[in-house]
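Tertiary structure, described
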Amino acid sequence: MTDPISATQFDITEVAGPGQVVGGVDTHLDTHTAACVDHLGRLLAHAQFPATAAGEKRLLAWLGGFGDLAAVGVEGTGSYGASLARKLTAERLRVVEVSRPNRQTRHQHGKSDPIDAEAAARAVLAGTATGTPKARTGVVESIRVLRTARSGAVKARTAATNTLKHLVVTAPEPLRSQLAGLPTDQLVEHATALRPAADLADPIQATKTALRRLARRCQHLTEEITDADTQLRALTRQTAPALLERCGVGPETAGQLLATAGDNPHRLHSNAAFAALCGASPVPVASGRTHRVRLNHGGDRQANSALHTIALVRMRHHQPTRAYVARRHTEGKTTKEIMRCLKRALCRELLPLIQQALTTPNLTPGGL
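Fair warning: this is a prediction, and the values are worked out from it, not measured in the lab.

What counts and what doesn't
Residues numbered from 1 in each chain as written. Predicted model: local features only at pLDDT ≥ 70, side-chain atom pairs only at ≥ 80, totals over all residues. Heavy atoms only, no water. Disulfide = S-S within 2.5 Å. Buried < 20%, exposed > 50% of the residue type's maximum accessible area, 1.4 Å probe, protein only. Helix = DSSP H or I, 4+ residues; strand = E, 2+ residues; numbered from the N terminus. Pairing = 2+ DSSP bridges. Right-handed = clockwise from strand over helix to strand, strands pointing away. Core = buried A, V, L, I, M, F, W, Y, C linked by side-chain atoms within 4.5 Å. Contact = heavy atoms within 4.5 Å. Polar contact = N/O pair within 3.5 Å; in protein donor to acceptor, adjacent residues only side chain to side chain. Expected span 1.5 Å × (residues − 1). Arc of directions from axis to C-beta.

This paragraph deals with the state of the cysteines. Tallying each qualifying case throughout the model produces zero disulfides. Free cysteine: C278, not disulfide-bonded; nearest cysteine sulfur from C347 at 4.7 Å. According to the relative accessible area criterion, C278 is buried, its value standing at 0%.

Most of strand β4 (residues 68-75) is tucked away: seven of the eight residues are buried. Here strand β1 (residues 20-27) runs beside β4; their pairing, made up of seven bridges, is parallel. Looking across to β4, one finds that D26 is bridged to E75. Taken together, the four bridges between β4 and strand β5 (residues 95-98) define a ladder with parallel strand orientation. Bridging across to β5, G73 finds its partner in V96. Taking the sense of rotation as the criterion, the β-α-β connection linking β4, helix α2 (residues 82-90) and β5 turns out right-handed.

Okay, the nonpolar core next. Soluble, globular proteins show a tendency: their nonpolar side chains are buried together. With 35 residues, the main nonpolar core has L243, L257, L258, F274, L350 and I354 as its most contacted residues. Of all the secondary structure elements, the ones that give two or more residues to this core are α5 (139-170), α8 (203-239), α9 (241-244), α10 (251-261), α11 (271-277), α12 (301-317) and α14 (335-358). Tallying contributions element by element places α14 first for this core, with eleven residues. The residues contacting L350, other than those within four sequence positions of it, are L243, R246, V249, L257 and I310. Core analysis: the second largest hydrophobic core is formed by 17 residues, V25, A34, A85 and L93 among them.

Now for the environment of K165. With respect to the helices and strands, K165 occurs in helix α5. On the accessibility criterion, K165 (35% relative accessible area) is partly exposed. Taking the C-alpha atoms as reference points, K165 and G181, separated by 16 residues in sequence, lie 9.5 Å from one another. Leave out the neighbours within four places in its chain, and K165 touches T184 and L187. Engagement of the side chain of K165 in a polar contact is seen with the side chain of T184, the distance being 3.0 Å.

For the rest of this paragraph, the subject is helix α1 (residues 53-64). With twelve residues, α1 extends 17 Å from end C-alpha to end C-alpha; this agrees with the ideal 16 Å at 1.5 Å per step. Here α1 has its buried residues at G55, E56, L59, L60 and L63. Down the axis of α1, the sector holding all buried residues measures 140°, keeping them to one side. Residues of α1 that are exposed and point over 90 degrees away from its buried face: A54, K57 and A61. In this fold, the buried residues of α1 make contact with β1, β2 (31-38), β3 (43-50), β4 and α2.

Another point: unusual backbone geometry. The omega torsion across E173 and P174 is 0°, close enough to zero to call that bond cis. Within the secondary structure, P174 sits in the loop between α5 and α6 (175-179). The backbone of R92 shows a phi angle near 65°, a positive value even though the residue is not glycine. Here R92 is to be found in the loop between α2 and β5.

What follows is the structure, given as structure tokens:
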């Protein structure tokens, strides 16, 4: 059986012959619904299992009871189906990431868990779903979860800071005059030093209490973000030092690109696939006598933002990029079109570095 980590694309006729079956799973928080079809696409059965380790084991045994299991299409491999995808991959089965059916299909055929599970199996059988899910078993998964926690802390600090500033605007005098117009850092410092009296029925004392709480929350979140930045910087540098050596690539952008590629970046069969994943591939919009391409508005927008940041840095500080931009401007290209070309070129340049970094033998969770 083909290695699911190194597999990129496959012809289902090679793996789903007579006696072989294909599974499909519609995943949810509490239950997973599985369906099984034969090599001709005929529905054999469907069943529901609890979304637990024991339930996943029963689901796998149930699918295997219908014959040689060629592949399993799983909907939601990045959320409710992440654990199941890891289980199936550990069993050396071919796991295919399946998107949910479009609205037209749902309108025509209805919506239920068995229908969605059967649609997932048929998508694999028809070859319309070929993506390999992320492994989520290595250092990149560590980077991803730490980045997720950091992102939440940044949003919470922004919300706390905005609330603090708004309370200052409406604060009673002389408290408002004392704090109005201060920079954010000084405002947090002054608000933390406030000493309200015990009489909270007084609006001034209640406002002081609220301001001090918000300021302390900002300080706590800042410490949390600083710790996360230190950890992420060390992990990223240990994982992909060659990536960080490229002009414009910092720990933040490198961490995002690593998280987008996943622990098994060889699932991306080409730099064009990586560009499409990052929303940096050109989309044709030809019709009649019109022949042009437009920006890709899909893909991972956080990865697209990371590429955008790298491109901006190079446009300002990288002489070859500056020369390229000037030449393309003389050819009549707009800044948006040039930026799209730069992002596409970055995907071509950076994907081999990501793949090389994550295939190093010592990059395992136990080796960190």
